[in-house]
Amino acid sequence: MSRATSLLSLVLLVSAAPLAAESATVLHLDRSVEIERTLPDPTDLWVPPSDLERVSGFVLKPEGACLDDLCVPVRQDGDSDIFVRRSGEAWLNVTELADRLEQKYAFDSEHRVWNFGEVPATRAAFHDQAIAPDFSLPDREGNLVRLSDFRGKKVMILSWASW
């Protein structure tokens, strides 16, 4: 189903019936967020802009949905595949935002749980600076060793798997 068809279905669904909001659970990075009201849509997650920051860290501003210096343009003066107004209330399509950011996500329709991966553009700094993100692993004696403990030194990371 194309985004235009999905949007048209949403417009018909919402305009033909009273606004019946559904709840959903959103998993993103290290948090789980319960959203009490989403627009009923079988393929996309529509949330009020006030819930956007809790769900993804993005904030809806006049120039668009922004996370620090990263902004995705969002026109808020009419309906589109990323923003609509229904019954005087604004709704933002989180899955369309993820698509525009090339962010991976999965949806369990039976339990209404959405799982959003990391936004690739936020990892660009690591690639530009050639600095690996910090992490920790146990050494042979079980002591946690952090990559940052070796900052300024050359480090070879070797990984192995039996499969």
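Residues numbered from 1 in each chain as written. Predicted model: local features only at pLDDT ≥ 70, side-chain atom pairs only at ≥ 80, totals over all residues. Heavy atoms only, no water.

### Some words on a nonpolar patch on the surface
Basically, it comes down to this: Without a salt bridge and with relative accessible area above 30%, a residue can belong to a patch; like charges are then joined within 9 Å and nonpolar side chains (Val, Leu, Ile, Met, Phe, Trp, Tyr) within 5 Å. Under the convention used here, a 1.4 Å probe and the Shrake-Rupley method define accessible areas, while residue burial counts only the protein chains that appear. For this document, the term salt bridge refers to a Lys or Arg side-chain nitrogen within 4 Å of an Asp or Glu carboxyl oxygen. Labels follow the DSSP assignment, with helices taken as runs of H or I lasting at least four residues and strands as runs of E lasting at least two, numbered in each case from the N terminus.
Judged by side-chain polarity, Phe135, Leu137, Phe150, Val155 and Ile157 come together as a nonpolar surface patch covering roughly 430 Å² of accessible area. For Leu137, the position within the fold is in strand β11 (residues 136–138).

### A few points about the sheet that holds strand β6 (residues 70–72)
Test applied: The criterion for strand pairing is that DSSP finds at least two bridges linking the strands in question. Each axis is a line fitted through C-alpha atoms, and for a helix only the stretch in contact is used; angles between axes span 0 to 180 degrees, taken between their N-to-C directions.
With antiparallel pairing, 3 strands are arranged side by side in an open sheet as β4-β5-β6. Two strands in the sheet have a free side with no partner beyond their single neighbour: β4 (59–61) and β6. Averaged over all pairs of adjacent strands, the angle between their axes in this sheet comes to 35°, without regard to strand direction. Here β4 pairs with strand β5 (residues 64–67) via 3 bridges, running antiparallel. Bridged to Val59 within β5 is Cys66.

### As for the state of the cysteines
Here is the idea: a disulfide is a covalent bond, and it sits between the sulfur atoms of two cysteines. Using the following cut-off: Throughout, disulfides are identified as pairs of cysteine sulfur atoms within 2.5 Å of each other. Three labels apply to residues, based on accessible area from a 1.4 Å probe with only protein chains included: buried if under 20% of the type maximum, exposed if over 50%, partly exposed otherwise in between.
Going through the model one piece at a time under the given rule, you end up with 1 disulfide. Here Cys66 pairs with Cys71 through a disulfide, and the sulfurs are 2.0 Å apart. Sign of the S-S torsion, about 115° for the bond between Cys66 and Cys71, identifies this disulfide as right-handed. Residue class for Cys66 comes out buried when judged on its relative accessible area of 2%.

### Describing the packing of aromatic side chains
Under the convention used in this document: Centre distance within 6.5 Å is the pairing criterion for rings of Phe, Tyr and Trp, where only the six-membered ring of Trp is used; planes under 30 degrees apart are then read as stacked, over 60 as edge-to-face, and the remainder as tilted.
Counted under the stated rule, the structure contains 4 aromatic pairs. Members of the aromatic cluster, joined through ring pairs, are Tyr105, Phe107, Trp114 and Phe116.

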